[in-house]
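What the coordinates show
For reference, the chains in residue letters:
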Amino acid sequence: MDFPTRLSNAKEALLGDGEPAPRTRDREDVPGGYGLYRDSRFIDTITPSENDLEKFWEQYQSCSLVRIPIRMYREDVTEPGYRVNAENTDLVDELESWMAECAIINGESNHDITELWEGTITQKEVRGTALAEVVPKESDEDSIWGFRLINVSTVNAYTYDNKAVLIRPTDVDLEDAYLTDTGEAAAYGQWDDDAIAGPFSNTDTVPLSQNDIIKLTQDGDADDIFGTSTIAPVSKEIDELEQMLDDVSTAVHSKGYPHWIFKLGEPNGDISNPRAGVWPDEEMRKYQKSHEESQWTTGQKDFVPGDVDVETIASDVPEIEELLDWYVEEIISAMPVPKYKIGHADSVNRDITKTQQKQYERKVQSERRRLENTFQPLLKRKAREWGYSEGDVADISLEIAEPHEENPLARDDFDAGDFKEFASGVQQLSGGSPEAIITPDEAREMLGLPTEDDVVIRADCSQKLYLPKSKVGDTFRVSHLDTRVVA
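Since the model is a prediction, treat every value here as computed from it, not as a measurement.

Rules used in this analysis
Residues numbered from 1 in each chain as written. Predicted model: local features only at pLDDT ≥ 70, side-chain atom pairs only at ≥ 80, totals over all residues. Heavy atoms only, no water. Helix = DSSP H or I, 4+ residues; strand = E, 2+ residues; numbered from the N terminus. Buried < 20%, exposed > 50% of the residue type's maximum accessible area, 1.4 Å probe, protein only. Contact = heavy atoms within 4.5 Å. Areas by Shrake-Rupley, 256 points an atom, 1.4 Å probe, with all protein chains shown as cover. Salt bridge = Lys/Arg side-chain N within 4 Å of Asp/Glu carboxyl O. Pairing = 2+ DSSP bridges. Axes fitted to C-alpha atoms, helices over the stretch in contact; angles between N-to-C directions. Patch = residues over 30% accessible without salt bridge, like charges linked within 9 Å, V, L, I, M, F, W, Y side chains within 5 Å. Lys, Arg positive; Asp, Glu negative; His and termini not counted. Charge placed at Lys NZ, Arg CZ, Asp CG, Glu CD. Phe/Tyr/Trp six-rings, centres within 6.5 Å; stacked < 30°, edge-to-face > 60°. Lys NZ or Arg CZ within 6 Å of the ring centre and 35° of its normal. Core = buried A, V, L, I, M, F, W, Y, C linked by side-chain atoms within 4.5 Å. pLDDT = per-residue confidence, 0-100. Expected span 1.5 Å × (residues − 1). Polar contact = N/O pair within 3.5 Å; in protein donor to acceptor, adjacent residues only side chain to side chain.

Here we take up the overall build of the protein. Broken down by element type, the protein carries 12 helices and 18 strands. Split into buried and exposed, the 487 residues of the protein put 37% on the buried side. Pairs at least 24 residues apart make up 62% of the contacts formed inside the protein by residues separated by at least 6 positions. For the protein, the accessible area works out to roughly 29100 Å², and carbon and sulfur atoms hold 47% of it.

Our next topic: the pattern of salt bridges. Within the structure shown, the criterion is met by 11 salt bridges. In this structure, glutamate 367 engages lysine 124 in a salt bridge whose closest nitrogen and oxygen atoms are separated by 3.4 Å. Taken together, the positions of glutamate 367 in helix α9 (residues 350-385) and lysine 124 in helix α5 (residues 113-127) put the pair 243 residues apart, joining distant regions of the chain. Here glutamate 329 makes a salt bridge to lysine 339, at a shortest N to O gap of 2.6 Å. You can see glutamate 329 sitting in helix α8 (residues 321-333) and its partner lysine 339 sitting in the loop between α8 and α9, a full 10 residues away along the chain.

Another point: the sheet that holds strand β9 (residues 188-190). Pairing is antiparallel in the open sheet, where 3 strands are placed in the order β8-β9-β10. Across the chains shown, the open sheet's two edge strands, defined by having one partner strand only, are β8 (155-157) and β10 (206-208). The mean inter-strand angle of the sheet, taken between neighbouring strand axes irrespective of direction, is 25°. Sheet analysis places β8 next to β9, joined by 3 bridges and oriented antiparallel.

Attention now goes to a negative patch on the surface. A contiguous patch of negative charge, built from Asp140, Glu141, Asp142 and Asp181, is present on the exposed surface. Within the secondary structure layout, aspartate 181 lies in the loop between β8 and β9. In this structure aspartate 181 comes out as exposed when scored by relative accessible area, which is 59%.

Attention shifts here to the packing of aromatic side chains. Tallying each qualifying case throughout the model produces 9 aromatic pairs. Here a set of aromatic residues connected by ring pairs shows up, and it is made of Tyr82, Trp98, Trp117, Phe147 and Phe375. The ring centre of tyrosine 60 lies 5.1 Å from the NZ or CZ of arginine 67, which sits over that ring.

Turning to the nonpolar core, a few remarks are in order. Val66, Met99, Ile113, Trp117, Phe147, Tyr188 and Phe375 are the most contacted members of the largest nonpolar core, which totals 74 residues. At 7 residues, the largest contribution of residues to this core is made by α9. When residues no more than four places from it in sequence are discounted, the contact partners of methionine 99 are Tyr82, Val84, His111, Asp112, Ile113, Trp117, Leu379 and Leu398. Counting residues in hydrophobic clusters, the runner-up holds 5 residues, among them Tyr160, Ile167, Ala185 and Ala186.

Further remarks concern the confidence of the model for the protein. Averaged over all residues, the pLDDT of the protein equals 75, while 59% of them reach at least 70. Mean pLDDT values for the elements of the protein range from 34 in strand β1 (residues 37-38) up to 96 in α5. Here residues 28-50 is a poorly scored stretch, pLDDT under 50, and it has 38 contacts once near neighbours within four places are set aside; other chains count. Within the model, pLDDT remains below 50 along residues 477-482, and this stretch shows 14 contacts once partners closer than five positions in the same chain are excluded.

As a further point, take the pairing of strand β5 (residues 108-111). Bridge analysis of strand β4 (residues 103-105) against β5 gives 2 bridges, and the strand direction is antiparallel. Its bridge partner lying in β5, alanine 103 is registered against histidine 111. Hairpin geometry of β4 and β5 is characterised by an intervening segment of 2 residues between the two adjacent antiparallel strands and by a positive phi of about 50° at asparagine 106.

Between its first and last C-alpha, α5 extends 21 Å over 15 residues, near the 21 Å set by a 1.5 Å rise per residue. Here α5 lies mainly inside the structure; 13 of its 15 residues are buried. Among the residues of α5, the N-terminal cap falls to aspartate 112, whose side-chain oxygen and the backbone nitrogen of threonine 114 are separated by 2.8 Å. Positive phi shows up at glycine 128, right after α5, with a value of about 85°.

Structure (structure tokens):
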């Protein structure tokens, strides 16, 4: 198949020429809907129970000690971008173009898959499980349009009797099996009354097979279908910290400043005679109003009867700094990023910080591999839809990494120290001889730098490409545009 025909097929498959048809849905029986929603008539939300996953989400939203580390972690994981590797360059172009607009994010189509990955990591960290629907095309339910995140609290799992094993899509003859719209046996049911946040009123269950769902879990037990939230171990500490801060705030407002008691008149005096006894109510209110905060002025002078007595009570706020520090440390220790990355490294030894950095880098790399392994089969499935051969499909791999053509010296993760050690090692291996093991041009080629015989061109004012001078005058493709090399 020639390139124009292949490109035409790819355009037909891309999102701009098709409409998504999500099977999962948001609540329809408003009011009383699940989660926070808004329309022109009202705002409503459920109040999560103490053990509900929605409480963890609420704590993620309200506690900066939780929200900031999780957001930093997901950005560190997805920051390099992604690249598809395959021998067939046309297939690579098509897949990367599709990935650039295959996600539904916050109700909007045509978002980059990186945004979906960020949401996936957030859901996994906060709720312990990330679920995403494999959204079919409206015109062909067997074709993949893209992906859409699902709240795991709204989903129930269907397993075999007495087994923590999800029902396989092919077991359609199983007794009591739910069937999906495509005739597969369901492993999940969205808006099932037995879901974590159920029961739900006036909402039909949406059956979904394992082929309809992408799932990533965290710290699940041996017989768990779903995972455990990062917040779970410190949820009580978050509540205690927030309550304690509220209590301190109340204490500061109520007892953090001197308190004055004005005694107006003698307790045993004659109420009918203000100069000999208690002041009348009207006079006391007038005096009180004259001493409101807004009425005070510098050098103010008051002229009052001589029977006014003022008692001062000193301020008193409990000292709980050490206890607050303990709660902060406990919460931070459960987060996916090390302490030094979130501005709490005042007392952290530099050597410990370096060790933590290496451990954190391994954690980030491991998370990237999980995402690659989870989504790579979907890329192969998409390539089969486009009619590529099994040889081309088998060759596909996904990497969360910088594009191949990017200069490694310009990457954020470039380690100048490691490079210096590498260069020093090469020099030692060459024995200091002018005849080095690798030539300068070979070294530049390894690093993606131009050689003396290369020309530099730009495409779309954003990309650099280095080509041999022999290519001057040739026409080739860069960023899906025909570009001619000039000297």
